[in-house]
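Each chain is listed here by its residues.
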2 protein chains.
Amino acid sequence: MTAPFRHVAVIGLGLLGGSVLHAVRANLPGTATSGYDADPVVRARARELGLADTIADSAAQAAQGADLVVLCVPVGAMEAAARELAPGLAPDCIVTDVGSSKASVARALAEALPGACVIPSHPVAGTEQSGPDAGFATLFRNRWCIVTPPADADAAAVARVVSLWEAFGAMVEMMDAEHHDMVLAVTSHLPHLIAYTIVGTASDLEKVTESEVIKFSAGGFRDFTRIAASDPTMWRDVFLNNRDAVLQMLQRFTEDLTELQKAIRKGDGQFLFDHFARTRAIRRGIIEMGQDDARPDFGRSDHNGAKG
Amino acid sequence: MTAPFRHVAVIGLGLLGGSVLHAVRANLPGTATSGYDADPVVRARARELGLADTIADSAAQAAQGADLVVLCVPVGAMEAAARELAPGLAPDCIVTDVGSSKASVARALAEALPGACVIPSHPVAGTEQSGPDAGFATLFRNRWCIVTPPADADAAAVARVVSLWEAFGAMVEMMDAEHHDMVLAVTSHLPHLIAYTIVGTASDLEKVTESEVIKFSAGGFRDFTRIAASDPTMWRDVFLNNRDAVLQMLQRFTEDLTELQKAIRKGDGQFLFDHFARTRAIRRGIIEMGQDDARPDFGRSDHNGAKG
């Protein structure tokens, strides 16, 4: 396979930006890399780690000579980052991003980079860690990447962006930005909102101490604390930028929760049983699709992970 | 250490019952074991697996000669199981259980076994798996076990039950049944209810297909599907038996969720950021206490788990 790009520039050197750079190195040898982050501390650390061939001191400088720019900043910072890099952008350069909401990002990039070839994408992959040390080359492997080209996108440019993600081991699906935002509202944004909520609720009770919540978290609560440890700036921006779809999904969730609450209050065991019995099939589907670890308890490596 | 019991009988041979039997074998050699399950298919499988020295055909028969009976049935089945085993119970036999709610179980067992020495307990450990094949000896290791002795409990009997859990590698904490039920409502019952709700909501949308939910679940949703794959009978019973504490915690959760919903609707980024920033400390506490895996993404073993 010919490498789809000669020179990949990454703006934003956190978990996603770092992982893109690691993945280029691991899968596309010979492709030049450059990087930039608005935070000088992050730039210094990125230089120490050797995340890219060069870590530039401005977004425009990082973009210079690149035939692909990947924006890996929180979705609320996309427009400003695009305006900053614009002076360095070559006319034939393709711009993509990794933002978790797509309609608002597509609008912001079209406005900031008039005439540029923008092919937004969203690799559905991540961990709860953030910062320049958090990235790794295999983050995208066996994960889905959603590409949301505008209706009039250049087919060759789309194909090159798709090749990049495929070179990283991802499976690519195309959809329009509005549908993406609806799908991700339920598979990612609502789960994060709920996890942030319950962790906040638990830390704020009078009758149960925080130390008790921590001690007895293995009963289920600890699962929620992982995603509630995700980057606050990134998630603030997701909720501000995908507001309508999130509120719509939240409405559905609240209706369903109210129904279960009523069943508990009334002591309707049959309703509870029926509801709890039908949710197993989805987990089975996720495991069959290779999207989660089949071992009990996620195969957690800790003290009780191993059968024996 | 002298083994705290000569003969441990286990009623209910699912994940917990099986794990208790494996843990007795692994940690207390020389202790006799017997087992019983109301389901003849489970009894047959337990015999094939050799889960106990003898698998009896009635609860009373399993209890015969035991100096400890451990009830490992769903909390709604505790009273009936206790009535069934009563004819086989020796006068000096101690009865404990592993139920996830304690006040209602204590009442049920006191009623079914008048005069018996009942010391309820709740090992806060489990996986989403169930059935006679699901248990393993190390399930309790480094996990907390809450013992809720009645006010007039015999101190020596309490000490023997505590020794059993400690022999399995658990750390023991004592509290009264009502406080237990409040703590577990937030650390276990509410998380399960919410996970069951969101998985149900996601599988029931018009605009997003179940196949899309499964494909793109790595964005956060898949975490919820694990606990929503737990045993429906067990969880029906938990909600029916710890109703008041669960409804009280649910009320708090709903208030907090409504507040975040309002912040999203109003576009109040500062409120969202402040809320999301304060939930990281709890995760840190859980990891420092050894109650979860510190590695990103729970150290999931799948294709993208390893750094590289």
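Note that the structure is predicted; figures quoted are calculated from it, not measured.

1. Details of the relation of the copies chain A and chain B
Line of reasoning, step 1. You can overlay chain A on chain B at an RMSD of 0.0 Å; the transform is a turn of 180° with a shift of 0.0 Å along its axis. In symmetry terms, the pair is related by a two-fold rotation axis.
Line of reasoning, step 2. A shared binding surface is used by both copies, with 100% of the interface residues of chain A retained as interface residues in chain B.

2. Concerning the interface of chain A and chain B
Line of reasoning, step 1. Contact residues are listed per partner, giving 118 residues for chain A and 118 residues for chain B.
Line of reasoning, step 2. In total, chain A and chain B occlude about 11,500 Å² of area from one another, counting both sides; carbon and sulfur atoms represent 64% of this.
Line of reasoning, step 3. Counting every contact that joins chain A to chain B gives 10 salt bridges.
Line of reasoning, step 4. Residue K215(B) is joined to E173(A) by a salt bridge in which the shortest nitrogen-to-oxygen separation is 2.5 Å.
Line of reasoning, step 5. Remark: the boundary between chain A and chain B carries 38 residue pairs in polar contact (both at pLDDT 80 or more).
Line of reasoning, step 6. The set of elements that each furnish at least two residues to the side of chain A that touches chain B consists of strand 8 (144-147), helix 7 (177-202), helix 8 (210-215), helix 9 (221-227), helix 10 (232-241), helix 11 (243-266), helix 12 (269-277) and helix 13 (280-288) of chain A.

3. Some thoughts on the domain arrangement of chain A
Residue and element names in this part refer to chain A.
Line of reasoning, step 1. If you check the domain split of chain A, you get domain 1 (7-175) and domain 2 (179-277).
Line of reasoning, step 2. The gap between the C-alpha centroids of domain 1 and domain 2 is 30 Å.
Line of reasoning, step 3. Contact with domain 1, which involves 16 residues of that partner, is made by 16 residues of domain 2.
Line of reasoning, step 4. Taken over both partners, the interface formed by domain 1 and domain 2 buries close to 1,300 Å², and the fraction arising from carbon and sulfur atoms is 64%.
Line of reasoning, step 5. When the buried surface of domain 1 facing domain 2 is broken down by residue, S100, E128 and M175 rank first, second and third, together holding 40% of it.
Line of reasoning, step 6. Taken together, the connections running from domain 1 to domain 2 amount to 1 salt bridge.
Line of reasoning, step 7. The shortest N-O distance in the salt bridge between R226 and E128 comes to 2.9 Å.

4. Quick word on the pairing of strand 5 (residues 94-97) of chain A
All names here are of chain A.
Line of reasoning, step 1. Burial along strand 5 is two-sided: the face carrying I94 and T96 and the face carrying V95 and D97 are both buried.
Line of reasoning, step 2. As defined by bridge partners, strand 4 (residues 68-71) adjoins strand 5 across 4 bridges and the pair is classed as parallel. Of the residues in strand 5, the one forming a bridge with V69 is V95.
Line of reasoning, step 3. You can see the chain leave strand 4, run along helix 4 (residues 78-85) and come back into strand 5, and the turn it takes is right-handed.
Line of reasoning, step 4. By the bridge criterion, 2 bridges tie strand 5 to strand 6 (residues 117-118) in an arrangement that is parallel. Within the sheet, the bridge partner assigned to V95 lies in strand 6 and is V118.
Line of reasoning, step 5. Viewed along the sheet, the connection from strand 5 through helix 5 (residues 103-112) into strand 6 turns out right-handed.

Rules and cut-offs
- Residues numbered from 1 in each chain as written.
- Chains lettered and ligands numbered in written order.
- Predicted model: local features only at pLDDT ≥ 70, side-chain atom pairs only at ≥ 80, totals over all residues.
- Heavy atoms only, no water.
- Least-squares fit on C-alpha atoms with pLDDT ≥ 70 in both.
- Contact = heavy atoms within 4.5 Å.
- Buried area = accessible area lost by both parts, 1.4 Å probe.
- Salt bridge = Lys/Arg side-chain N within 4 Å of Asp/Glu carboxyl O.
- Polar contact = N/O pair within 3.5 Å; in protein donor to acceptor, adjacent residues only side chain to side chain.
- Helix = DSSP H or I, 4+ residues; strand = E, 2+ residues; numbered from the N terminus.
- Domains from an automatic or database assignment.
- Buried < 20%, exposed > 50% of the residue type's maximum accessible area, 1.4 Å probe, protein only.
- Pairing = 2+ DSSP bridges.
- Right-handed = clockwise from strand over helix to strand, strands pointing away.

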